[in-house]
Amino acid sequence: MNRPFFSIFGEEFARLTDYIYRRTGIFYDENKRYYVEKRVFDRMKATGHEKFRDYFLYLRCDASGEEFQRLVNALTVNETYFFREYDQLKCFAEEALLEMLKDKGGRQRVDLFSLGTPNR
């Protein structure tokens, strides 16, 4: 398993990325192939699988879902960067939020819903 290069051939990449998309909503296109392959190869080594087909079967049949979660953790950055734009956050806290509270008629609760940028 110490191959310098690993590739998921044919429709296997599409099957894997479709499986990930259906379970998580995260889409990986061909531009991310190397990124996905590297992380899948790392998970294959960790689980002792030498063939992608065997690993993919293991991934789908793992009733606990633990391996799928490990793969997703390997594929995702897990960083939200919520405070990355300080000026926007400051404007929200000092202006927009105050206006929203005024419109609530004195109530001090504001419900917010935040969406990430879609990958697709």
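Novice: I'd like a rundown of the overall build of the protein chain, residues and numbers included.
Specialist: The secondary structure content of the protein chain amounts to five helices and zero strands. Order of helices (α) and strands (β) in the protein chain, N terminus to C terminus: α-α-α-α-α. Here the protein chain, with 120 residues, has 26% of them falling under the buried criterion. When the accessible surface of the protein chain is totalled, it reaches about 9,300 Å², and 51% of it is carbon and sulfur.

Novice: Requested: an account of the packing of aromatic side chains, with residues and values cited.
Specialist: Tallied over the full model, the rule gives six aromatic pairs. The interplanar angle of 80° and the centroid separation of 5.6 Å between the aromatic rings of Tyr-19 and Phe-68 together place this pair among those described as edge-to-face. Placement of the pair is Tyr-19 in helix H1 (residues 12-24) and Phe-68 in helix H4 (residues 66-75), with a sequence separation of 49 residues. The two residues Tyr-19 and Phe-68 agree in class, both being buried. Consider the rings of Tyr-21 and Phe-27, whose centres lie 6.2 Å apart with planes at 85°: the pair is edge-to-face. Judged by its relative accessible area of 29%, Tyr-21 falls in the partly exposed class.

Novice: Tell me what's going on with the nonpolar core, and back it up with residues and numbers.
Specialist: Counting 18 residues, the largest nonpolar core has Leu-16, Ile-20, Val-36, Val-40, Phe-52, Leu-59 and Leu-71 as its most contacted members. Contributing elements (two or more residues each) for this core: H1, helix H2 (33-47), helix H3 (52-61) and H4.

Criteria and thresholds
- Each chain carries its own residue numbering, running from 1 in the written order of its sequence.
- Where local features are concerned, this predicted model is filtered to residues with pLDDT of at least 70; where side-chain atom pairs are given and counted, the filter is 80 or more; whole-chain, interface and lining totals use all residues.
- To get the side-chain values, take all heavy atoms of the structure and skip hydrogens and water.
- Labels follow the DSSP assignment, with helices taken as runs of H or I lasting at least four residues and strands as runs of E lasting at least two, numbered in each case from the N terminus.
- The rule is simple: take the accessible area with a 1.4 Å probe, protein chains only, and divide by the maximum for that residue type; under 20% is buried, over 50% is exposed, in between is partly exposed.
- Here the open area of atoms and residues is found with the Shrake-Rupley method and a 1.4 Å probe, where only the protein chains shown may cover a residue.
- Centre distance within 6.5 Å is the pairing criterion for rings of Phe, Tyr and Trp, where only the six-membered ring of Trp is used; planes under 30 degrees apart are then read as stacked, over 60 as edge-to-face, and the remainder as tilted.
- By nonpolar core we mean a set of buried residues, namely Ala, Val, Leu, Ile, Met, Phe, Trp, Tyr and Cys, connected to one another through side-chain atoms within 4.5 Å.

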